Each structure stands twice: as structure tokens, then as C-alpha cells.
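# Structure assessment
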Amino acid sequence: LGLCGPLGIGKTKFAQFLAAAAGIPKTDVTSPTFTLWQTYRLTTNDTDQSASVFETLHHLDLYRVVDADEFWQLGVEECWDVSRSLTVIEWADRFAAELPSHTIWIQMQIDPSVETSKQSSDSDRKIIIECSDATRRSWLDRVVASFDPPK
């Protein structure tokens, strides 16, 4: 998943809720801005792994990555070779050309139709999801169909 959007829009919060849905406590998931990469693994104590879509969550933040060479030096291609893993990349648009063609892009932005104020809320956000891979699109449609936003 390639997460895109301005600073403070909720990219890390999105990753936390995704992790929580898989059984990883969202308080365990922090922004990898300085570490660049965090890996979280589900254990049999966390959830019934047979019911989980993935067993490993890789969470990367490319905000501080300078160029494509540094991106590849991270070893991110290893994430894509692990079965039953999900890779969530914040600031993915900075290295869009380096990401696989099957990347699901999640663009987060302030909804311009909502009247702006000094203090924004979660309801001011607009999320645009793009995916060109048919198999992943099918998975994504199932996930979105089952999503019950918090009230």
C-alpha cells in the first residue's frame, strides 16, 4: 500500500488501524520516520492467523529518504518476497517509480468541499484509492465493502 498525502493527514493513523484490524495493538505501531522501517508479526496469541489476510506487516516511512539509491539500500524488495505480508509505505509518492506496478495507492487529502476551519477533524479527510492490478482490486473491493467506519 502506498500512502500519500500532506504532513499530519493521518498516514500513520491509517497504518495503526490497519494493524489493529489484523490483531496488532495499534499502540504498538508508531511512525517509522526516524527508523524508516518497522516490522510487526502476528503471533498465534494475537489472533487466529488462519483468519488473517497477512501475518507480517512492514511499515515504512520514506519522508527522510533522499534518493532512489538510498531507497534500494533499505532492502525493501525483501518485503515483497515474503508471503502473507503487507507492506505499508508512507510518503510512497516520493518513490512511485520504484514501487511495484501492483501497488495500491491511497491518496489522503483534506476534502475541499468541507468548509475549512482552524481545527480540522477526521471527517474533513478524503481518501482516493487506486489500483491497476485486477487481483488486488478484487481484494480491495472486498475490504472496502466490509469497512464500517467509526461513528
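The model shown is predicted, which means the values in this text are computed figures rather than measured ones.

## Some remarks on the sheet that holds strand β2 (residues 37-41)
Within the open sheet, the 6 strands sit side by side as β2-β3-β4-β1-β5-β6. Their pairing is mixed. Here the strands that pair on one side only, and so sit at the sheet edges, are β2 and β6 (125-130). Pairs of neighbouring strands in the sheet enclose a mean axial angle of 15°, with direction left out of account. Of the pairings in the sheet, the one linking strand β1 (residues 2-4) to strand β4 (residues 85-90) comprises 2 bridges and is parallel in character.

## Looking at the nonpolar core
In this structure, Leu-1, Ile-24, Leu-57, Leu-86, Val-88, Ile-104 and Ile-106 are the most contacted members of the largest nonpolar core, which totals 19 residues. Contributing elements (two or more residues each) for this core: α1 (11-21), β4 and β5 (105-110). Aside from chain neighbours lying at most four places away, what touches Ile-24 is Ala-19, Val-29, Tyr-40, Leu-42 and Leu-57. In this structure, Leu-60, Val-76, Cys-79 and Trp-91 belong to the second largest nonpolar core, which totals 12 residues.

## Brief notes about the side chain of Thr-87
Looking at where Thr-87 falls in the secondary structure, it is placed in strand β4. The residues contacting Thr-87, other than those within four sequence positions of it, are Leu-1, His-58, Leu-60, Cys-79 and Trp-80.

## Describing the pairing of strand β3 (residues 56-61)
Of all 6 residues in β3, 6 are buried; the element is thus mostly enclosed. Side chains of β3 alternate between two faces, with Thr-56, His-58 and Leu-60 and Leu-57, His-59 and Asp-61 buried alike. Bridging between β2 and β3 involves 5 bridges; their strand directions are antiparallel. The residue of β3 that forms the bridge with Gln-38 is His-59. Across 6 bridges, the pairing between β3 and β4 is parallel. If you follow His-58 over to β4, its bridge partner there is Thr-87.

Cut-off values and rules
- Residues numbered from 1 in each chain as written.
- Predicted model: local features only at pLDDT ≥ 70, side-chain atom pairs only at ≥ 80, totals over all residues.
- Heavy atoms only, no water.
- Pairing = 2+ DSSP bridges.
- Helix = DSSP H or I, 4+ residues; strand = E, 2+ residues; numbered from the N terminus.
- Axes fitted to C-alpha atoms, helices over the stretch in contact; angles between N-to-C directions.
- Core = buried A, V, L, I, M, F, W, Y, C linked by side-chain atoms within 4.5 Å.
- Buried < 20%, exposed > 50% of the residue type's maximum accessible area, 1.4 Å probe, protein only.
- Contact = heavy atoms within 4.5 Å.

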